[in-house]
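Take a look at the letters that make up each chain.
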Amino acid sequence: MKVTLTAAVLLCLTTGTALAAEARTIKKSDVVFMGAKTADIYKVYGATLVSWGGRPWGDNEKAIKSFEERVRTAHELGMRYCAGAAFRTAFAKMIDFDENFMDSVCRRLDGEPILVPWLWDHQHKGHPAYWFCTNSPGYRRYLKFQVKLAMCTDVEGLHIDDYNGTAGTEWRGGCFCKHCMAAFREYLRENVPRKKLKEYGIKSLDDFDYGKFLKAQGVTVDDYRRKVERTLPLGREFITFQYRSATAWVREIRKYAESLVGHPLMLSVNSSGSNHKALMIAPYLTFFSGEVHHGAEPDGRLKPYPIWSFKLADALGIAQVCTGSGGDWAYIAEHKKPGLVRTWIAQDYAFGHQLMAPHRQWAYTKTKGTHWYQSQPEDYAHIYRFVRRNADLFDGYEAVAKVALLYSNAAFRVYKRDAQKACYWLAEHNIPFHLVIAGDDWLDVKLTADKLSAYDALVVAPPDMLDGEQKKVLDDFAAKGKVVLYDAKKKCVDEEKLFSLVPRQIAVEGADGVMAVPRAIPGMADAPVVIHLLNRNYDPTKDAVTPQRDFKVVIRKSLFGRLNFKKATLYAPPQKFDPDNVGASEPVPLKLEVRGDSATITIPSLHLWGIIELEG
Ligand SMILES: [Zn+2]
């Protein structure tokens, strides 16, 4: 195929303006869109960023002009635009691009082609939706072509959908294509001692083929899927190779995109950043932007699931922009529950991250396949505009905490994941906390005594799976009596010990189901502080939260390190969409009493969400 972008790219390089570094970060008050067709939609939501912006649909003038128009529309509204590349879903374009496309298809251990399972209802020229291999030179050529299209006009960021490419075929039995086999051979040569290879009976790597090696031992596709990381010889090495290869490829693509556009780019990938596999790419990202399961389920209860990803993102110093999962939106579309979605918007902003404006969302079930949830601005725009109108209550604020919770990458790699349950327990019990990360050879973040010195207690959900220096740091902290265990059987943290180390810092009295999330601006001791109040009394029969009235929020001095507050004010989003004044609401002065080492704030009424601002 002929590539005709040279002129457009040259134009970019000559007219493109480099962004100030600040503009290449996510702000807590950002209103993020996956992409919309008209400026009116952006305006009504107060959108500031397009995160999944796409690219021209083809290599022709009409397609490029149309894409440029989309980017210009966003820029004229002062928004930033992240153009998109898709590593897995553009199978049809790959079939058109490369006549030798079968050479780039991912293969299972038994040699069968791997298909993208959620595109079971898609076909192109009589072919199913092949899962193409990001380790194959042919597919890499196509992806670079895609990125060249995406960078045909000046944009601020690059978003990559399904960024882990071939690494994601692990559950499908792959990938054992000839390109992966060749690359794994080189990986073994450079990373695994010969002695270890000999133990597996591998005398020479010259013609080594991992697929043949496994099959010779009677390993089937099903065995591979279930056991690769647990018991198969060289299984952990193979998975490590695949994920490292995916990460390296994303970094190469970013460099390539930046060379085309002529300045640094924000980089995001479609991921929830919730486990060891997703976190490998994290140090190279500006933000995660992807599906985070919000738990829309028939029981109608609010779930705290996204908080885990938010806390991990905080610990890594990046943002988690999210949408719900395909299943979430299928539920919302079928049962028509915008009230439930409003609780998600509130929760995500309260924890310092964002639910993308749910204007038109991908929905998926096994039986219905791909379909769409379409909302109206009246459903949600007033909540987003409330955030924009009160951006100074969000930007620069971070979670405050004297309690830390340990995340061990090594434990996650062997599926010991009770830390996630401990996270939900802490959040639901209104105990402010941070995650602290203990990394490993997959994640270069170390648990250090210096990091722990900021905390009075560390919650650990065994087993920690640490060794070496990090284990010593943990043991030393435990020797000081500061480690508190999460009991998986009782499904709770040792509350007595926790409160003996860190007496309750914040309590909601006189109302049930209100989550309190305190936040402050680090390093600004006199700046106002905020406490988000999330009303979790969601009633599925009414698709609304039950208001809570006349209750108190009590805080201890240790929470913010001060109690010199003179004024308390409650900011809350309007309950309805008013087309003449979208998102406007009157702040409510609150009664504030400071006595001894605590302060009591009286809340007359709380609907969906409120933000207490405390000023000195
Ligand atoms: Zn492959």
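Residues numbered from 1 in each chain as written. Predicted model: local features only at pLDDT ≥ 70, side-chain atom pairs only at ≥ 80, totals over all residues. Heavy atoms only, no water.

(A) Representation of the coordination of the zinc ion in the model. Within the protein, the atoms that donate to the zinc ion are Cys 133 (SG), Cys 175 (SG), Cys 177 (SG) and Cys 180 (SG), at distances of 2.2 to 2.3 Å. The coordination sphere of the zinc ion comprises four donor atoms, whose angles at the metal cover 98 to 123 degrees; the geometry is tetrahedral. As a motif over one chain, the donors of the zinc ion read C-x41-C-x1-C-x2-C. Assessed through its relative accessible area of 0%, Cys 180 is described here as buried. (Donors = N, O, S within 2.8 Å, 3.2 Å for Na, K, Ca; no water. Tetrahedral: all angles 85-135°; square planar, octahedral: opposite > 155°, others 65-115°. Buried < 20%, exposed > 50% of the residue type's maximum accessible area, 1.4 Å probe, protein only.)

(B) Expanded view of the packing of aromatic side chains. Here the structure, examined in full by the defined rule, presents 40 aromatic pairs. Here the aromatic rings of Tyr 305 and Tyr 424 are separated by 5.9 Å at their centres, their planes lie at 55 degrees, and the arrangement is tilted. Taken together, the positions of Tyr 305 in the loop between β8 (287-291) and α12 (306-316) and Tyr 424 in helix α17 (residues 418-428) put the pair 119 residues apart, joining distant regions of the chain. Under the relative-accessibility criterion, Tyr 305 is labelled partly exposed at 26%. Looking at Tyr 424, the relative accessible area reads 13%, which means it is buried. Taken together through their ring pairs, the aromatic side chains of Phe 176, Phe 184, Tyr 187, Phe 208, Tyr 210, Phe 213, Tyr 224, Phe 238 and Phe 241 make up a single cluster. Of note, Lys 144 hangs over the ring of Tyr 256, and the distance from its end group to the ring centre comes to 4.9 Å. (Phe/Tyr/Trp six-rings, centres within 6.5 Å; stacked < 30°, edge-to-face > 60°. Helix = DSSP H or I, 4+ residues; strand = E, 2+ residues; numbered from the N terminus. Lys NZ or Arg CZ within 6 Å of the ring centre and 35° of its normal.)

(C) Up close: the sheet that holds strand β3 (residues 80-86). Judged by pairing direction, the sheet is parallel, and its eight strands sit side by side in the order β1-β2-β3-β6-β7-β8-β9-β10 without closing on themselves. Looking at strand neighbours, the two that pair on one side only are β1 (32-33) and β10 (354-355), the edges of this open sheet. Of the pairings in the sheet, the one linking β1 to strand β2 (residues 49-50) comprises two bridges and is parallel in character. From the neighbouring strand, Val 32 faces β2, where its bridge partner is Leu 49. (Pairing = 2+ DSSP bridges.)

(D) How the structure looks around the sheet that holds strand β21 (residues 529-535). In spatial order, the strands read β13-β20-β21-β28-β25-β26-β27-β24-β19; together these nine strands make up an open sheet with antiparallel pairing. The open sheet is flanked by β13 (398-399) and β19 (506-509), the only strands paired with a single partner. As defined by bridge partners, strand β24 (residues 548-556) adjoins strand β27 (residues 598-606) across eight bridges and the pair is classed as antiparallel. Looking at β27, one finds that Ile 555 is bridged to Ala 599.

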